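Residues per chain, in single letters:
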Amino acid sequence: MRHIDVFYDDLHILHGVSLEVGKGELVGVVGANGHGKSTLLKAVCGLVPVTAGDIVYAGESIRGKPVSDLVARGLVYVAEDRRLFPDMTVRENLLLGAYLDRGRQLEQDSLKRVFDLYPRLAEREAQLARTLSGGEAQMLALGRGLMSAPLLLAIDEPSLGLAPKLVDTMLETIAALKRAGTTILLVEQSLGLIDGIVDRVYRLEEGIIVDETVFASAAKPAAHVKG
């Protein structure tokens, strides 16, 4: 992202935001509610219009590209509210994630990967989504994202509404995705939740990137960003 501005009507949400996610990295964005974290992810994934700046993905500008085009390129968004289809089964919800050509070509491999990662979903594949616990629903939301065969997974607050023990499990599965080669941009409220798994993290305050921290596990240190 290069100097991105985003407005909702007359409300200025993101102010000249710049950040970088390298291939294979797990990068975090942290900040309090209402400071623009979700808007940042939606801007990356083409879900809100960008009024200034540019977004470059795999060497090409994707600003203004339709969401279907971005998903076809391997850029997938997992919303904080999960957006499951409650009266469809776990399996049906997962298969909806493979609706584009990229996902359909790898559908069976992706389904096996999801069930290997989340055995609980395999046990409940015939259950309706509305019968799942909060942790299981979050697993299903992530699993559906994986069915699109993502190259970059943008995940919005996966810990939201989960018990502490389930948060630890959820973050470990996200770390496992990173180890398997998926590039991840992860939004959370607290650095303390994710500092053990991220390569680096940006702090967002009132729509402005105010700091960047690089952790020892980072493959390649990024230039420090301030203000």
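Small disclaimer: the values here were computed from a predicted structure and weren't measured.

By the bridge criterion, 2 bridges tie strand β1 (residues 2-8) to strand β4 (residues 52-54) in an arrangement that is antiparallel. Looking across to β4, one finds that D5 is bridged to A52. Examined bridge by bridge, β1 and strand β2 (residues 11-17) share 4 bridges and lie antiparallel to one another. Within β2, the residue paired with Y8 across the bridge is L11.

The subject of this paragraph is unusual backbone geometry. Trans is the common state for peptide bonds, and a negative phi is the common state for residues other than glycine. Of note, H3 is a non-glycine position whose phi angle comes to about 55°, a positive value. In this fold, H3 is placed in strand β1. A relative accessible area of 56% means that H3 is categorised as exposed.

Relative to the elements of secondary structure, T89 occurs in the loop between β7 (75-78) and α3 (90-96). In this structure T89 comes out as buried when scored by relative accessible area, which is 15%. Dropping the residues within four chain positions of it, T89 is found in contact with E125, A126, Q127, L128 and A129.

So, how was this worked out
- Position numbers for residues count from 1 along each chain, tracking the sequence in the order it is written.
- Totals for whole chains, interfaces and linings use all residues, but because this is a predicted model, local features are given only for residues with pLDDT of at least 70 and pairs of side-chain atoms are given and counted only at 80 or more.
- By convention in this description, side-chain values take in all heavy atoms of the structure and omit both hydrogens and water.
- When DSSP finds two or more bridges between two strands, those strands count as paired.
- The numbering of helices and of strands both runs from the N terminus, where a helix is a DSSP run of H or I of at least 4 residues and a strand a run of E of at least 2.
- Relative accessibility decides the category of a residue: with a 1.4 Å probe and only protein chains considered, values under 20% of the type maximum give buried, values over 50% give exposed, and everything between is partly exposed.
- Any two residues whose heavy atoms approach within 4.5 Å at even a single point are treated as in contact.

Structural measurements only, silent on function.
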